[in-house]
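Here are the chains, one letter per residue:
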Amino acid sequence: MKFTFLGGADMVGRMGMTMEGDGMTVLVEYGLSPTKPPAFPIDAPHVDYAFLTHAHLDHCGMIPQVCGKYRCDLFTTPLSAEIGEIMMYDTLKIAKAEDYVQPYTTGDIERTMEAVIPMTYDDEITINHVDVAMLDAGHIPGAAMFDFQKDVSTLYTGDIHTETQKLVYGAKPRDCTNLFIEGTYGGRNHPPRKETEKAFLAKVEEVLDRGGTVLIPCFAVGRTQEIMMLLKDLGYEMWVDGMGRSVTRLFLDYPEYIRDIKSLKAAKRKFNEVRNSGTRDLAKKGEIIVTTGGMLDGGPVLAYLNYLKNDPRSAILLVGYQAEDTNGRMLMEQGCVKIDGEIVKIECELQKYDFSAHADHQQIVDFIKGCDPDNVIMMHSENREAFIDDLSDYNLILPETGKSFTLDV
Ligand SMILES: [Zn+2]
Ligand SMILES: [Zn+2]
């Protein structure tokens, strides 16, 4: 089969890959990089079947351009489909507000949702003599890996985590011949999760003790809920704002994808929800605020930043990746952010904690050893070379976007 990356081969963002052979073209993921303006993968050819691993924008954001046009079946978990739909409509909303190119129409999103064929973990389907199994990827609720089996097995991980988190269990390796695996954390290892949690909770207490407010900007899908579950028993006055609220409700609709649904329900109860500008004014004076967006580039977080900016007793606790050219990165590097076109200095304390939902370098290497493949195709990484020494037992392929290669399948 011929494999072509349409994006995301050597970067964390705008994923997309096609598999061509046996008279069919399969698309695996099609996302966008949420930069300003967003960056898209290269155009997809005519597609017969599409597979979506999970509902993060860099994996799902461009799916409607393909499924809307070709009306091809889209295989994914029902939870990823529902969250994906929110992300797709949000993409159009942002494009309209910022005057960016509209990559597809609302009609394309509707046709995409009609094309969804829900699958769940351990389900198997057959397309053109290829058996496809869906497996748990561990990364966020509903995230899946796909195993394409013909003569040999080809496993595509999407984003994975192998360690158990509050929301989900870790992914398990599976014997295969070709392994497409993400390498976000190439060359880097996470500190032990328990230590990170302890340091984070100690900082929260310290800030509240000195009379400050704790502002925690979070990605809507996954991180918001992880942090809510971590904070739920502390008895503080806590608020949650932004798209993370609707995602929490969706998670509760699909308890089969949540490790401890009782704990998530309890977390939702312990947080006050910001529903309008009136409650947002109350939240500003609260003790802890968990809000989108995670990279401080838009969403309600800017209203809180603006309110708290001159208060050195308050703190901003970053709990996720801060990409280049984002407010989050600017805050880390220069101590200021851009709000409504103006550069604003932030006097609050700033701390960053590693609550990643991705496997780290060692966990990726261990996962690969557990799958024992012949070929390892490393993707979704800015530091793929870091794996060369550890993977000398395997044929390591570092694909380039737009350049096809073939593998026996
Ligand atoms: Zn992801
Ligand atoms: Zn990703």
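Residues numbered from 1 in each chain as written. Chains lettered and ligands numbered in written order. Predicted model: local features only at pLDDT ≥ 70, side-chain atom pairs only at ≥ 80, totals over all residues.

What is the right way to look at unusual backbone geometry in this model?
Among all residues save glycine, negative phi is the norm, and among peptide bonds the norm is trans. Looking along the chain, the bond that leaves Lys36 and enters Pro37 is cis, with omega of -5°. By secondary structure assignment, the location of Pro37 is in the loop between β3 (24–30) and β4 (49–51). In the segment running from Thr292 into Gly293, the intervening peptide bond is cis, with an omega of 0°. Relative to the assigned elements, Gly293 resides in the loop between β15 (288–291) and α10 (301–308). One non-glycine residue, Arg14, lies in the positive phi region at around 25°. (Helix = DSSP H or I, 4+ residues; strand = E, 2+ residues; numbered from the N terminus.)

Explain the sheet that holds β4 here, please?
Read across the sheet, seven strands follow the order β6-β5-β4-β3-β2-β1-β22 without closing on themselves; strand pairing throughout is mixed. Every other strand in the sheet has two partners, leaving β6 (116–118) and β22 (405–406) as the edge strands with one partner each. Strand direction decides the pairing type here: strand β1 (residues 2–7) and β22, joined by two bridges, are antiparallel. The partner of Phe3 across the bridge, within β22, is Phe405. (Pairing = 2+ DSSP bridges.)

What am I meant to see in the sheet that holds strand β14 (residues 272–273) here?
Strand-to-strand pairing in sheets goes through backbone hydrogen bonds, with the strands running parallel or antiparallel. Across the sheet, which stays open at both edges, the six strands sit in the order β14-β13-β15-β12-β16-β19 with parallel pairing between neighbours. Each end of this open sheet is capped by a strand with a single partner; those strands are β14 and β19 (349–352). Bridge analysis of strand β12 (residues 214–217) against strand β16 (residues 315–318) gives two bridges, and the strand direction is parallel. By the bridge assignment for β16, Leu215 is matched with Ile316.

Any chance you could explain the domain arrangement of the protein chain here in plain terms?
Put simply, an interface is often sized by how much accessible area is lost when its parts join up. We note that the domain assignment places domain 1 (2–187 + 357–406) and domain 2 (193–352) within the protein chain. Its C-alpha centre places domain 1 at a distance of 28 Å from the equivalent point of domain 2. Across the boundary between the two partners, domain 1 contributes 19 residues, which contact 18 residues of domain 2. In the side of domain 1 that touches domain 2, the residues fall into eleven nonpolar, five polar and three charged. (Domains from an automatic or database assignment. Contact = placed C-beta atoms within 7 Å. Nonpolar A, V, L, I, M, F, W, Y, C, P; charged D, E, K, R; others polar.)

Explain the packing of helix α2 (residues 63–70) against helix α4 (residues 106–114) here, please?
Two numbers describe a pair of packed helices, the interaxial angle and the distance between the axes. At their nearest, the axes of α2 and α4 sit 8 Å apart, and the two run at 75° to each other. Taken as axis vectors, α2 and α4 run roughly perpendicular relative to one another. Contact residues: Ile63, Pro64, Gln65, Cys67 and Gly68 in α2; Gly107, Asp108, Ile109, Arg111 and Thr112 in α4. In terms of residue class, the contact of α2 with α4 is made up of four nonpolar, four polar and two charged. (Axes fitted to C-alpha atoms, helices over the stretch in contact; angles between N-to-C directions. Parallel < 35°, antiparallel > 145°, perpendicular 65-115°, else oblique.)

Explanation requested: the nonpolar core in the structure shown.
Inside soluble globular proteins, nonpolar side chains tend to come together where they are buried. Counting residues in hydrophobic clusters, the biggest one holds 116 residues, and the most contacted among them are Ala50 and Ile216. When residues of this core are assigned to domains, at least three map to each of domain 1 (2–187 + 357–406) and domain 2 (193–352). Once you skip the residues sitting within four places of it in the chain, Ala50 turns out to touch Leu27, Ile63, Val66, Cys67, Cys72, Asp73 and Leu74. (Core = buried A, V, L, I, M, F, W, Y, C linked by C-beta atoms within 7 Å. Buried ≥ 20, exposed ≤ 12 C-beta atoms within 10 Å, placed from the backbone.)

Where do I start with α10 in this structure?
What sets the pattern is the α-helix's 3.6 residues per turn: residues three or four places apart point alike. Regarding α10, the residues found buried are Val301, Leu302, Tyr304, Leu305 and Leu308. Take α10 and look down its axis: the buried residues cluster within an arc of 160°, on one side only. Among the structural elements, β12, α9 (277–284), β15 and β17 (336–339) are those in contact with the buried residues of α10. (Arc of directions from axis to C-beta.)

Looking at this model, I keep getting lost on helix α6 (residues 223–231). Mind explaining?
When you tally the buried positions in α6, you get eight out of nine residues, the bulk of the element. Of all the positions in α6, only Arg223, Thr224, Gln225, Glu226, Ile227, Met228, Met229 and Leu231 are classed as buried. As for α6, its buried residues are in contact with β12, β13 (238–241), α7 (244–253), α8 (261–270) and β15.

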